[in-house]
Amino acid sequence: MKGVMMMHISELSRATGVSLRSLRYYEEKELLHPVRLDNGYREYSLSDVERVRIIQLYFSLGLSAKEISDAYPCAGSEEVRPECLPGAIRVGEAKLAEIGERIDTLRKAEDHLRECLTAWRRQLKEGGDH
């Protein structure tokens with residue numbers, strides 16, 4: 001890998017803010033594929049920084065490691081494998097529907113809280129010093 005800047009796991013951890021334990025877990029789940037040196041050390045490329053950020057995003061959306069592993073080649077910067085597209089589309093559509101439901105729930109909560117605040121402020125204003 002001459003000419004490509006490589007980094008150790010601790011450097012990747014610092015660059016991404018992700019713990020060493022999580023990075024090892026990502027490797028165990030085959031989400032990351034570091035180069036293993038003769039001494040057993042892992043080396044990562046600069047593209048792994050973005051890959052870790054995408055993995056973090058997917059986890060924050062509630063995807064499992066398996067779903068991320070299945071979908072990543074279709075959503076990451078890697079060359080897309082056509083055989084992953086049906087699964088990636090299925091996972092993406094399901095997650096998009098779930099996000100839409102969360103947004104609807106949050107909008108309802110926001111509307112309810114605004115109504116409560118308006119009523120409470122009106123009551124305080126009308127009630128004076130009670």
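Before going into details, it helps to say that this report is about the structure given with it.

Procedures and definitions
The residue numbers shown here count from 1 along each chain, following its written sequence. Given that the model is predicted, a residue must reach a pLDDT of at least 70 before its local features are reported, and side-chain atom pairs must reach 80 or more before they are shown or counted; all residues, however, enter totals for whole chains, interfaces and linings. Neither water nor hydrogens contribute to the side-chain values; these are computed over all heavy atoms in the structure. Strand pairing requires that DSSP identify at least two bridges connecting the strands. Working definition: helices are DSSP H or I runs of at least four residues, strands are E runs of at least two. Numbering for both runs from the N terminus. Whether two residues are in contact is decided by their heavy atoms: any pair within 4.5 Å suffices. Angles run from 0 to 180 degrees between N-to-C directions of axes, and those axes are lines fitted to C-alpha atoms, restricted for helices to the stretch in contact. Aromatic rings from Phe, Tyr and Trp, with only the six-membered ring used for Trp, were paired whenever their centres fell within 6.5 Å, and each pair was classed as stacked if the ring planes differed by under 30 degrees, edge-to-face if by over 60, and tilted otherwise. Accessibility here uses a 1.4 Å probe with only protein chains present; expressed as a share of the type maximum, an area under 20% marks a residue as buried, one over 50% as exposed, and anything in between as partly exposed. Salt bridges are counted wherever a side-chain nitrogen of Lys or Arg sits within 4 Å of a carboxyl oxygen of Asp or Glu.

Further remarks concern the sheet that holds strand E1 (residues 6–8). In a beta sheet, neighbouring strands are held together by backbone hydrogen bonds and run either parallel or antiparallel to one another. If you walk across this open sheet you meet the 3 strands as E1-E3-E2, and the pairing is antiparallel. Here the strands that pair on one side only, and so sit at the sheet edges, are E1 and strand E2 (35–36). Where E2 and strand E3 (residues 42–45) come together, 2 bridges link them in antiparallel fashion. Each bridged residue has a counterpart across the sheet, and for Arg 36 the counterpart in E3 is Arg 42. Helix H1 (residues 9–16) contacts E1 and E3 of the sheet and is inclined by roughly 95° relative to E1.

As enumerated under the stated definition, the model contains 2 aromatic pairs in all. Ring centres of Tyr 26 and Phe 59 lie 5.6 Å apart, and the angle between their planes is 25°; on these two criteria the pair is classed as stacked. Within this pair, whereas Tyr 26 is found in helix H2 (residues 20–28), its partner Phe 59 is found in helix H3 (residues 47–60), the two being separated by 33 residues in sequence. For Tyr 26, a relative accessible area of 3% corresponds to the buried category.

Once that is clear, we can look at the pattern of salt bridges. Close approach of charged atoms allows side chains of opposite charge to pair. If you walk through the whole model with that rule in mind, you get 5 salt bridges. We note a salt bridge from Lys 95 to Glu 98, for which the minimum N-O separation is 3.1 Å. Of this pair, Lys 95 and Glu 98 are both found in helix H5 (residues 85–127), 3 residues apart, which corresponds to roughly one turn of the helix. What makes Lys 95 buried here is its relative accessible area of 12%. A relative accessible area of 30% means that Glu 98 is categorised as partly exposed. Here the salt bridges share partners, and the residues they tie into one network are Glu 27, Arg 36 and Arg 42.

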